[in-house]
Amino acid sequence: MRISRSQIAWMGSVISALLLSSCVVPNSFRSSTASAQLSRPDGILIGTANLSRSDNGLTLSVSIASLPPGKKALHLHMIGSCLPPNFKSAGSHLNPDGKAHGMHNPQGKHLGDLPNISVAADGTGTASITIEGDADETLAKIIDADGTAIVIHTGLDDYSTDPAGAAGPRIACGVLTAR
Ligand SMILES: [Cu+2]
Ligand SMILES: [Zn+2]
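In every chain, residue numbers begin from 1 and rise along the written sequence. Whichever chain is written first is A, and whichever ligand is written first is 1; the rest continue in order. Since the coordinates come from a predicted model, pLDDT governs what is reported: local features require at least 70, and pairs of side-chain atoms require 80 or more to be given and counted, while whole-chain, interface and lining totals use all residues.

**Considering the nonpolar core**
One recurring pattern in soluble globular proteins: nonpolar side chains tend to sit buried together. Here a nonpolar core is just a set of buried residues of the types Ala, Val, Leu, Ile, Met, Phe, Trp, Tyr and Cys, joined wherever their C-beta atoms sit within 7 Å. Put simply, a residue is buried when 20 or more other C-beta atoms lie within 10 Å of its own C-beta and exposed when 12 or fewer do; between those, it is partly exposed, and each C-beta is set from the backbone. Formed by 35 residues in total, the largest nonpolar core has its most connected members in Leu38, Ala149, Ile150, Ile152, Cys173 and Leu176. With residues near it in sequence (within four places) discarded, Leu176 still touches Ala34, Ala36, Leu51, Gly80, Ile142, Gly147, Thr148, Ala149 and Ile150. With C-beta atoms placed from the backbone, a contact is any residue pair whose C-beta atoms sit within 7 Å.

Here you go:
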């Protein structure tokens, strides 16, 4: 049997597609390093968060429901404790490097400062956030002795007002638990 030029080209593209798919591993297949269940102050579970290793650091995937619509501040707070009704037990923003608040602040930003999450009219929202830097170093700062919480606020983070972005009260909280 003779193999034509076009068949060789076709086989070539199949082989390169196979090689490519074996290198590009979707985040969902990577092992999760920590996860959290987020609750409202009334104790109702409203979402999940997953921390996993990615190409340039860590990826935090958040999925929520049953929250009021609009842009909401999303942070990592320094203590892994979510006591209702106000979740103040989570402490301030995770800030192991002694920075000021906000990505628009020249003295910023806290390690725990994350982009606002958008909640749709139906109360749901998702986010996939890259925390750049050495994954092991960042993980050691997050999974520390007193733990870390993920917190959502009533309002948006203005990315500059120290110490917390003028984001208002805390409306959801989850303790990150290492896997
Ligand atoms: Cu916060
Ligand atoms: Zn902050």
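**Structural notes on unusual backbone geometry**
With an omega of 5 degrees, the peptide bond between Pro84 and Pro85 qualifies as cis. By secondary structure assignment, the location of Pro85 is in the loop between strand E5 (74-77) and strand E6 (117-119). Of note, the bond from Asp162 into Pro163 is cis; its omega dihedral lies within 30 degrees of zero at 5 degrees. Only DSSP runs of H or I reaching four residues or more are called helices, and only runs of E reaching two or more are called strands; each is numbered from the N terminus. Structurally, the position occupied by Pro163 is in the loop between strand E8 (149-153) and strand E9 (170-175). In this model, Phe87 sits at a positive phi of 60 degrees, which is unusual for a non-glycine residue. Considering the arrangement of structural elements, one finds Phe87 in the loop between E5 and E6. According to the C-beta neighbour criterion, Phe87 is buried, with 24 such atoms within 10 Å. Of note in this structure, Tyr159 is not a glycine but carries a positive phi near 65 degrees. Within the fold, Tyr159 resides in the loop between E8 and E9.

**Brief notes about the pairing of E9**
Two faces, one strand: in a regular strand the side chains alternate between the faces of the sheet. Here E9 lies mainly inside the structure; six of its six residues are buried. For two strands to be treated as a pair, DSSP must find at least two bridges joining them. Sheet analysis places E8 next to E9, joined by five bridges and oriented antiparallel. Considered in E9, the bridge of Ile150 is made with Gly174.

**Topic: the environment of Thr154**
Tracing the backbone through its elements, the reader meets Thr154 in the loop between E8 and E9. Residues Thr154 and Leu74 lie 80 residues apart in sequence; the distance between their C-alpha atoms is 9.9 Å. When sequence neighbours within four positions are dropped, the list of residues in contact with Thr154 reads Gly168, Pro169 and Ile171.

The values reported here are purely geometric and, on their own, carry no functional implication.
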